[in-house]
Amino acid sequence: MDTAVIKGPIVIPDDWPGYSLELFSYPEHYHEDIDSVYIPHGVIMNRVERLARYVMDDFGDSIVVLCVLKGGYKFCVDLVEFIKVLGRNSNKYLETRVEFIRLKSYLNDQSTEELQIIGSRDLSFLRGKSVLIVEAIVDTGKTMKALLKHVETFEPKMVKVAGLLVKRVPNMAEDLTDYVGFEIPNHFVVGYALDYNEYFRDLNHICVISKIGKMKYKQEQSNG
Amino acid sequence: MHFFSCFVCVQESNMAEPAVRPEGTSGGIVIKDDWPGYGLDLFSYPAHYAGDLDCVFIPHGMIMDRTERLARNIMDDLGDHDIVVLCVLKGGYQFCVDLVDRIKALSRNSNRTIPMRVHFIRLKSYLNDKSTEDLHILGAEDLSFLAGKNVLIVEAIVGTGKTMETLLKYVEAFRPKLIKVAGLLVKRVPHNAACLPDYVGFEIPDRFVVGYALDYNEYFRDLTHICVISKRGKMKYKI
């Protein structure tokens, strides 16, 4: 009989104001660029540890992790590290291979239309494998849907998606993400490898960018 | 689905008031009375405690993040004076180890260092979940080495403050130069205003919490998160 295990995600309500900055440690050069600490680094780590166990339960004896750069790299590294720790301390070992794919789909804080893969589009190493796509944030799901379509053309055995953050938006794709860390409101968040025009990747907590930050690090749209 | 309730973040305040200190004036992260905690299955925890816990009250990672900040605040205040850390066992040992680690990390990466010594004392004042009248202090028979030093008392949890008050009086008798107190958790209960720690991690409601070295009759010390014990847990591990 299945016990009702609550798989999450951790839901962050719309009115969650975040924690005041001076309650935590963070790089001082961002002190006027962020409004609040939205999800502390430590809570992310604890949640990722839990997700690693779900992954271990669902995958057989091998997994190919497809990490979506650049935003996904910290989540990927930490998730894989927890999977390895679980592996060496139990009799279940999940042979883990990590591959990287780089997508560009944001300019400033707006999602763009097309799926742009930077580098090789050749994912033939996925053929016949159990694949876990690891992405930092799933928004409308447009990018993820396009990526899934692309991945399927290489005929993997199984594909699952792990998303650290899933945004609560009107056209939200339910059930697109199999393992969700946190469900968040539609704020533009930075930190823990999530950037704003390449800034904030060195911030360990997930934070909400301030108006000052948005102006300071804004990039003009190119016309060429 | 489980919810983050509202953690209200507040600035530090130096108000001194009698009886019940208003919510949010301790300087710590405020956890409101109606905070339901996180569902256990949203996090990893030792399986042998399934059924003995109601919820995860404060995840281990958050304790670590807050401790990192407290370490910085301590470095800022205590500067280059060397300090003796007085760790209150057993509940305080995990917080003390993590706090001292953070202070050491800051220390070795800056030109400001604090030479630190750590000493342990043990207080016994709880039976089951009730605070008892007498306070037994073990390991503190001769604290004469505290004379003229800056002392940082590290305690896991401060409730009514009775224990802290007794301890402070005891330590003061050895004539240290300065005494500061770091408390990971401060309970929102009627208490002596003079016994609010200088460095507070979290201000919490009056619930019996376990984990992160806080025990219930010696159980739960091996739990990394701070959790609320369930009725079943209380019965099971009752003396």
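Residues numbered from 1 in each chain as written. Chains lettered and ligands numbered in written order. Predicted model: local features only at pLDDT ≥ 70, side-chain atom pairs only at ≥ 80, totals over all residues. Heavy atoms only, no water.

Let us now look at the overall build of chain A. A tally of regular secondary structure across chain A gives 4 helices and 10 strands. The linear arrangement of helices and strands in chain A, starting from the amino end, is β-β-α-β-α-β-β-β-α-β-β-β-β-α. Here chain A, with 224 residues, has 54% of them falling under the buried criterion. The long-range share in chain A, meaning contacts at least 24 apart out of those at least 6 apart in sequence, stands at 70%. Only carbon and sulfur atoms are counted for the fraction: they give 49% of the accessible area of chain A, which is about 10,600 Å². (Helix = DSSP H or I, 4+ residues; strand = E, 2+ residues; numbered from the N terminus. Buried < 20%, exposed > 50% of the residue type's maximum accessible area, 1.4 Å probe, protein only. Contact = heavy atoms within 4.5 Å. Areas by Shrake-Rupley, 256 points an atom, 1.4 Å probe, with all protein chains shown as cover.)

Another point: the confidence of the model for chain B. All names here are of chain B. Mean pLDDT over chain B stands at 82; residues scoring 70 or higher make up 82%. Counting contacts from residues 1-18, a segment whose pLDDT is below 50, to residues more than four positions away or on other chains yields 56 contacts. This prediction of the complex comes with two scores: 0.80 for pTM and 0.72 for ipTM. (pLDDT = per-residue confidence, 0-100.)

This part takes up the sheet that holds strand β12 (residues 226-229) of chain B. Residues and elements named next belong to chain B. Strands sit in the order β4-β12-β11 across an open sheet of 3 strands; the sheet is antiparallel. Each edge of the open sheet carries a strand with a single partner, namely β4 (53-58) and β11 (209-210). Direction of pairing for β11 relative to β12: antiparallel, over a ladder of 2 bridges. Note that in β12 the partner of Val209 across the bridge is Val228. (Pairing = 2+ DSSP bridges.)

Counted at 1.5 Å a residue, the expected span for helix α1 (residues 60-78) of chain B with its 19 residues is 27 Å, and the 26 Å between its end C-alpha atoms agrees. α1(B) sits mainly inside the fold: 14 of its 19 residues count as buried. (Expected span 1.5 Å × (residues − 1).)

This paragraph deals with the pattern of salt bridges. It is possible for side chains of opposite charge to pair when their charged atoms get near one another. For the coordinates displayed, the defined rule picks out 21 salt bridges over all chains. The shortest N-O distance in the salt bridge between A:Arg168 and A:Glu183 comes to 2.7 Å. Here the residue A:Arg168 occupies a position in the loop between β7 (158-167) and β8 (179-184), and A:Glu183 occupies one in strand β8, the gap between them amounting to 15 residues. Between B:Glu203 and B:Arg188 there is a salt bridge, with its nearest N and O atoms 2.8 Å apart. You can see B:Glu203 sitting in strand β10 (residues 199-204) and its partner B:Arg188 sitting in the loop between β9 (178-187) and β10, a full 15 residues away along the chain. What makes B:Glu203 buried here is its relative accessible area of 2%. Residue classification places B:Arg188 among the buried positions, given a relative accessible area of 15%. Salt bridges linked by common partners bring A:Asp14, A:Arg168 and A:Glu183 together as one network. (Salt bridge = Lys/Arg side-chain N within 4 Å of Asp/Glu carboxyl O.)

Side chains of a nonpolar character, in soluble globular proteins, are inclined to be buried together. Counting residues in hydrophobic clusters, the biggest one holds 109 residues, and the most contacted among them are A:Ile39, A:Leu79, A:Leu165, B:Phe57, B:Ile58, B:Leu99 and B:Phe202. Of the residues forming this core, the biggest block, 9 residues, is contributed by helix α1 (residues 41-58) of chain A. When neighbours within four sequence positions are excluded, B:Ile58 is seen to be in contact with B:Ile31, B:Ile63, B:Leu185, B:Phe202, B:Ile204, B:His225 and B:Ile226. Ranked by size, the runner-up nonpolar core spans 23 residues in total, among them A:Val64, A:Val131, A:Ile133 and A:Leu147. (Core = buried A, V, L, I, M, F, W, Y, C linked by side-chain atoms within 4.5 Å.)

It is worth spelling out a negative patch on the surface at this point. Together, A:Asp57, A:Asp58, A:Asp175 and A:Asp178 make up a negatively charged patch on the protein surface. Mapped onto the elements of the fold, A:Asp58 is located in helix α1. (Patch = residues over 30% accessible without salt bridge, like charges linked within 9 Å, V, L, I, M, F, W, Y side chains within 5 Å. Lys, Arg positive; Asp, Glu negative; His and termini not counted. Charge placed at Lys NZ, Arg CZ, Asp CG, Glu CD.)

Attention shifts here to the pairing of strand β6 (residues 130-138) of chain A. All names here are of chain A. For β6, a buried count of 9 out of 9 residues is recorded, marking the element as mostly surrounded by other parts of the structure. Inspection of the sheet shows strand β3 (residues 62-69) paired to β6 by 4 bridges, in the parallel sense. Bridging across to β6, Cys67 finds its partner in Val134. Pairing analysis gives 8 bridges linking β6 to β7, with the strands arranged parallel. By the bridge assignment, Ile133 is partnered in β7 with Val161. Handedness of the crossover joining β6 and β7 through helix α3 (residues 142-152) is recorded here as right-handed. (Right-handed = clockwise from strand over helix to strand, strands pointing away.)

Residues and elements named next belong to chain B. Between α1 and helix α2 (residues 93-108), whose axes approach to 9 Å, the crossing angle comes to 55°. Taken together, the axes of α1 and α2 are oblique relative to one another. Viewed along their axes, α1 and α2 form a crossing whose handedness is right-handed. Between α1 and α2, the contacting residues are Met64, Thr67, Glu68, Leu70, Ala71, Arg72, Ile74 and Met75 on the first element and Phe95, Asp98, Leu99, Arg102, Ile103, Leu106 and Ser107 on the second. For the contact of α1 with α2, a count of residues per class yields 9 nonpolar, 2 polar and 4 charged. (Axes fitted to C-alpha atoms, helices over the stretch in contact; angles between N-to-C directions. Parallel < 35°, antiparallel > 145°, perpendicular 65-115°, else oblique. Left-handed = near helix turned anticlockwise from the far one by under 90°. Nonpolar A, V, L, I, M, F, W, Y, C, P; charged D, E, K, R; others polar.)

Summed over the entire model, instances satisfying the criterion amount to 13 aromatic pairs over all chains. Arranged with centres 5.4 Å apart and planes meeting at 90°, the rings of A:Phe200 and A:Tyr217 form a pair that is edge-to-face. With A:Phe200 in the loop between β9 (189-190) and β10 (206-209) and A:Tyr217 in the segment after α4 (211-216), this pair connects stretches of sequence that are 17 residues apart. Between B:Tyr49 and B:Phe220, the ring centres sit 4.5 Å apart and the planes meet at 35°, which makes this aromatic pair tilted. Note that B:Tyr49 is positioned in the loop between β3 (29-31) and β4 and B:Phe220 in the loop between β11 and β12, a separation of 171 residues in sequence. These aromatic residues form a ring-pair network of at least three members: A:Tyr30, A:Tyr199, A:Phe200 and A:Tyr217. Between the NZ or CZ atom of A:Arg50 and the centre of the ring of A:Tyr54, over which it lies, the distance is 4.2 Å. (Phe/Tyr/Trp six-rings, centres within 6.5 Å; stacked < 30°, edge-to-face > 60°. Lys NZ or Arg CZ within 6 Å of the ring centre and 35° of its normal.)

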